[in-house]
Amino acid sequence: MKYDVLLYEAGILTLIAAIVYMGFTLRKLTAVVKEKKLIWLLPMAAATVLAISLGAHIYANFSLLPELSAKITEISSPAVIADQAKTDIIRASIQGFKVSLLNLKTVSFSAFLLASILLLISTSVYIRWISK
Amino acid sequence: MTEQMIQAYTNTAAILSGILFWAGFLVFGFIAKRYNTVFNKSTFHGLLMTAPSGILIYSMLMIVKFTMVIKDPAINNMLQLTAYAFLLVSALLCLFGISKFSGLLSSLLKYEGSK
């Protein structure tokens, strides 16, 4: 069991819940200042993007990584070492997994960054309204 | 893009996101502070402003992990685990603070509606 992965995912899941709650709170706050703008939707969008990031992280850790480990174990078995054609096929497959993992990591952290930007914009816009 | 460039990009994105999340929650804490002054009621702004610190600590620990050349994988793992623990605790405190502030706003809006 990968405890660090579970801890990270629990953290992100809680962060998503906090951001959704913040979105609903911002909706109440816009009602207080009688603004009709939909800035409360920005935290909701941030939570959605963060959920995509979490999904990519879960898929990489619980689907792709175990498959990659299985392929690495397979390539080091005596039966595969003796067969050059099989070795080449598995090696190509491992390379494919590595590329997929790297792409998922890029998507996941880009989504994480986008979510943080959306959240900061929403709270900054609101504080500017009430600072006028 | 080479593998090294992608690694550098994802590391930077992880750190920058942590800092921006911290700033976003901190600004929300400032909003709660303004309402504390306006309504003269506790809006839990102190909690809302300190709770995101864990997200900042997460970013700092990640900077240490990515920039320092720590050869011992056990120390690296411990650093990562600590960073994730701070992220979780901070997110929980933010959730708690926001729910308290939201509850107060609901009662204020209800009071205004009944007037």
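From a predicted model like this one, the values you see are computed outputs, not experimental measurements.

A. Spatial organisation of the packing of aromatic side chains. With the rule as written, the count across this model stands at eight aromatic pairs over all chains. An aromatic cluster is defined as three or more aromatic residues linked by ring pairs; in this entry it consists of Phe28, Tyr35, Phe39 and Phe101 of chain B. Taking the ring centre of Trp40 of chain A as reference, the NZ or CZ of Arg27 of chain A above it sits at 4.8 Å.

B. Just the packing of helix α1 (residues 3–39) of chain B against helix α3 (residues 53–67) of chain B, in detail. Residues and elements named next belong to chain B. Two numbers describe how α1 lies on α3: the axes approach to 8 Å, and their chain directions differ by 160 degrees. If you check the angle between α1 and α3, you find them roughly antiparallel. Crossing angle aside, the handedness with which α1 passes α3 is left-handed. In contact with Asn11, Ala14, Ile15, Gly18, Ile19, Phe21, Trp22 and Phe25 of α1, α3 contributes Ser53, Ile55, Leu56, Tyr58, Ser59, Met62, Ile63 and Phe66. Across the contact of α1 with α3, the residue classes tally to 12 nonpolar, four polar and no charged.

C. Region of interest: the nonpolar core. Of all hydrophobic cores here, the largest spans 53 residues; its most connected members are Ile19, Leu29 and Leu50 of chain A together with Phe21, Phe25, Phe28 and Tyr58 of chain B. When residues of this core are traced back to their parent elements, those giving at least two are α1 (3–32), α2 (41–75) and α4 (84–131) of chain A together with α1, α3 and α4 (73–114) of chain B. If one sorts the elements of this core by residue count, α1 of chain B sits on top with 11 residues. Non-local contacts of Leu29 of chain A, meaning those with residues more than four positions away in its chain, are made with Tyr126 of chain A together with Phe28, Ile31, Tyr35, Phe101 and Leu105 of chain B.

D. Structural detail: the confidence of the model for chain B. Residues and elements named next belong to chain B. Chain-level pLDDT for chain B is 88 on average; 95% of the residues reach the 70-or-more range. No element of chain B has a lower mean pLDDT than α3, which averages 85, and none a higher one than helix α2 (residues 45–50), which averages 92. On the interface metric, ipTM, the complex scores 0.88, and its pTM is 0.88.

E. The arrangement of the interface of chain B and chain A in detail. The partner chain A presents 40 residues to the 41 residues of chain B that form the contact. Carbon and sulfur atoms supply 79% of the area that chain B and chain A bury against each other, a total of about 3,700 Å² over both sides. Where chain B packs against chain A, one counts zero salt bridges. Across the chain B-chain A interface, the total number found is nine residue pairs in polar contact (both at pLDDT 80 or more). Per-element tally for the side of chain B that touches chain A: the top contributor is α1 of chain B, with 21 residues. When grouped by side-chain class, the residues that make up the side of chain B that touches chain A number 30 nonpolar, eight polar and three charged.

Analysis parameters
Residues numbered from 1 in each chain as written. Chains lettered and ligands numbered in written order. Predicted model: local features only at pLDDT ≥ 70, side-chain atom pairs only at ≥ 80, totals over all residues. Heavy atoms only, no water. Phe/Tyr/Trp six-rings, centres within 6.5 Å; stacked < 30°, edge-to-face > 60°. Lys NZ or Arg CZ within 6 Å of the ring centre and 35° of its normal. Axes fitted to C-alpha atoms, helices over the stretch in contact; angles between N-to-C directions. Helix = DSSP H or I, 4+ residues; strand = E, 2+ residues; numbered from the N terminus. Parallel < 35°, antiparallel > 145°, perpendicular 65-115°, else oblique. Left-handed = near helix turned anticlockwise from the far one by under 90°. Contact = heavy atoms within 4.5 Å. Nonpolar A, V, L, I, M, F, W, Y, C, P; charged D, E, K, R; others polar. Core = buried A, V, L, I, M, F, W, Y, C linked by side-chain atoms within 4.5 Å. Buried < 20%, exposed > 50% of the residue type's maximum accessible area, 1.4 Å probe, protein only. pLDDT = per-residue confidence, 0-100. Buried area = accessible area lost by both parts, 1.4 Å probe. Salt bridge = Lys/Arg side-chain N within 4 Å of Asp/Glu carboxyl O. Polar contact = N/O pair within 3.5 Å; in protein donor to acceptor, adjacent residues only side chain to side chain.

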